[in-house]
Amino acid sequence: MSTLWRHIRSLYRWALSGLYFFPVCTWLVILGIFKDPRKNDRPQRVFFRNILRVAGAEFGVVRAPGFDPNRTSIFLCNHVNLFDAFVIYSAIPQFVRGWELESHFKIPAYGWMMKRFGNIPVPATTTPTALKRLLESTKKALDDGVSVIVFPEGSRTLDGRLGPFRKGIFQLLPHLQYPIVPMTIVGSFEFNHKGSCLLNPGKIVVYLHDTIETTGLTRDGVEPFMERVRRIIAGPLDSYYGEKTS
């Protein structure tokens, strides 16, 4: 397929997505002024799923036998591209909100929307005071029955594979004592990736792995636990790229 045709096709998909995204998103934001977004979850899920469809992505979810869809949990997922929020929200059955950089909450309109819809501000620094604030806001969300999504890599992948983990969320787990769910997005890097404007039609599959208890996790156990979680998330990616290059 010629490069010119791929760019034309991508431009068409971006235009369709924009024509769908902006009016529907505006409607949901206005609706959120008058109605608690938590009580209006279904329209948001339909909206997010349709964005993927309009952009040209097929979508599938594989749930492990030990995944508990009824537990308030912390979802730890690989970070791929700008469509991650749409993919994640379409895959997780629990009511879920994400960690979001604190600086984003200062952006006019967008910041208000993030706060209103219940996302959790993440400080730019890792001082004890900042981590305590993050712990308290995360704990409050979980105690209120809101599951939380975190990208432990902290940045988007550059090659499709899983990058190194930052310790932030893992340092908080002994204090939170909520179950975690490793989560893997496969195929999304080929659909779109950082540094490229191309949208390549294809299938995105989300793996929701077994729910893992953190009750009893101590500071000394954080490092091996982090490595265990990383291996689980990396598994489908390693299989996928291994098959592609073999």
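Every chain's residues receive numbers from 1 upward, in the order its sequence appears when written. Residues qualify for local features only when their pLDDT is at least 70, as the model is predicted, and side-chain atom pairs are given and counted only at 80 or more; totals for whole chains, interfaces and linings, by contrast, use all residues. Neither water nor hydrogens contribute to the side-chain values; these are computed over all heavy atoms in the structure.

This part covers the environment of A91. Of note, A91 is situated in helix α3 (residues 84-91). By relative accessible area, A91 is classed as buried at 5%. The spacing of A91 and K115 is 24 residues in sequence and 22 Å in space, taken between C-alpha atoms. By definition, residues are in contact when any of their heavy atoms lie within 4.5 Å. The contacts of A91, once residues within four sequence positions are left out, are F59, V61, M183, V206 and L208. The way it works is that DSSP assigns letters per residue, a run of H or I at least four long becomes a helix, a run of E at least two long becomes a strand, and they are numbered from the N terminus. Each residue is assigned to one of three classes by its accessible area relative to the maximum for its type, calculated with a 1.4 Å probe on protein chains only: buried under 20%, partly exposed between the two thresholds, exposed over 50%.

Pairing of aromatic side chains requires ring centres within 6.5 Å, counting the rings of Phe and Tyr and the six-membered ring of Trp. Pairs whose planes differ by under 30 degrees are stacked, by over 60 edge-to-face, and all others tilted. Under the criterion given, the structure shown has 13 aromatic pairs. Centroid distance W14 to F83: 5.7 Å. Interplanar angle 40°. Geometry classified as tilted. You can see W14 sitting in helix α1 (residues 3-34) and its partner F83 sitting in the loop between β2 (74-77) and α3, a full 69 residues away along the chain. Note on W14: relative accessible area 35%, which makes it partly exposed. Pairing F83 with F86 gives two aromatic rings, centres 6.1 Å apart and planes at 50°, and the pair type is tilted. Taken individually, F83 and F86 each receive the classification buried, so the pair is uniform in this respect. An aromatic cluster is present here, built from W14, Y20, F21, F22, F47, F48, F83, F86, Y89 and F191 joined pairwise through their rings. Between the NZ or CZ atom of R45 and the centre of the ring of Y89, over which it lies, the distance is 4.8 Å. Put simply, a charge is over a ring when the Lys NZ or the Arg CZ is close to the ring centre, within 6 Å, and near the line of the ring normal, within 35 degrees.

A separate point is the pairing of strand β6 (residues 180-186). For β6, a buried count of seven out of seven residues is recorded, marking the element as mostly surrounded by other parts of the structure. Examined bridge by bridge, β2 and β6 share four bridges and lie parallel to one another. The residue of β6 that forms the bridge with L76 is P182. Any two strands with at least two DSSP bridges between them are considered paired. Alignment of β6 against strand β7 (residues 202-208), held across four bridges, turns out to be antiparallel. Bridge pairing in β7 links M183 to L208.

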